[in-house]
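A closer look at the structure
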Amino acid sequence: MRSKPVFFLLSCLLGLSASNLALAQSGENTYKQVCASCHGSGVLNAPKFGDKAKWAPLIAEGQATLTAHAYFGVRAMPPKGGNPNLSIEGFSDALVYMVNNSGGNWKTPDAKMLAAINKELEARKANPKKP
Ligand code: HEC
């Protein structure tokens, strides 16, 4: 009888870490499938994965701004990372993975952050002058 609560607690813990893993994995997988070809080695001067000095000023732009601008496309960075089927959520997760391995500490966007990203994206579409 006494072991029941322990089992309950254990399965909660396991369930939690499994879902965290799934989240972390999807960003990592998208990064590997879509972004790594350029950001892994710094093709065309793309900010390299893990290069904290290069990423610091980008991270400082804030999650909503940087995510929206990169998704829209910036100079040699193709829109949607060059994958027309990549959703803003999938792109955001890949960017969170890249940022968190390059000196930042971002979270998977919640509804509020996604709304802010989409607002920034609309603003960029309305005024598509590239920086
Ligand atoms: C075809 C190569 C290529 C792919 C694929 C690619 N990028 Fe990039 N990315 C670049 C280049 C080049 C730059 C630098 C742009 C510049 O400053 O001229 C860049 C810049 C960025 C920036 C900084 C944007 C800014 O405002 O300066 C972010 C964020 C970014 N990429 C995210 C991603 C993510 C996330 C993916 C995958 C979903 C991805 N990129 C896929 C080439 C690529």
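Further up the page is the structure itself.
Here is a short report on the structure shown in this document. (Residues numbered from 1 in each chain as written. Predicted model: local features only at pLDDT ≥ 70, side-chain atom pairs only at ≥ 80, totals over all residues. Heavy atoms only, no water.)

Here the focus is the overall build of the chain. The secondary structure content of the chain amounts to 5 helices and 0 strands. The order of α-helices and β-strands along the chain, N terminus first, is α-α-α-α-α. For the chain, the proportion of its 131 residues judged to be buried stands at 31%. Across the chain, contacts joining residues at least 24 apart in sequence account for 60% of those joining residues at least 6 apart. Carbon together with sulfur atoms contributes 62% to the accessible area of the chain, which is approximately 8300 Å² in total. (Helix = DSSP H or I, 4+ residues; strand = E, 2+ residues; numbered from the N terminus. Buried < 20%, exposed > 50% of the residue type's maximum accessible area, 1.4 Å probe, protein only. Contact = heavy atoms within 4.5 Å. Areas by Shrake-Rupley, 256 points an atom, 1.4 Å probe, with all protein chains shown as cover.)

On the protein side, the iron atom of the ligand has H39 (NE2) and M77 (SD) as donor atoms, found 2.0 to 2.1 Å from it. The site at the iron atom of the ligand holds 6 donor atoms, and with the angles between them running 86 to 179 degrees, its shape is octahedral. Of this pair, H39 sits in helix α1 (residues 3–39) while M77 sits in the loop between α3 (63–72) and α4 (88–100), and the two are 38 residues apart along the sequence. Taking relative accessible area as the criterion, H39 reaches 8% and is therefore assigned buried. A relative accessible area of 21% places M77 in the partly exposed class. (Donors = N, O, S within 2.8 Å, 3.2 Å for Na, K, Ca; no water. Tetrahedral: all angles 85-135°; square planar, octahedral: opposite > 155°, others 65-115°.)

Let us look at the side chain of H69. For H69, the position within the fold is in helix α3. H69 gets classed as buried once you look at its relative accessible area, which sits at 13%. Looking at H69, its side chain comes within polar contact range of the side chain of R124, at 3.3 Å. Beyond its immediate sequence surroundings of up to four residues, H69 is in contact with E61, V74, E120 and R124. (Polar contact = N/O pair within 3.5 Å; in protein donor to acceptor, adjacent residues only side chain to side chain.)

Everything listed here is a matter of geometry and, on its own, says nothing about what the molecule does.
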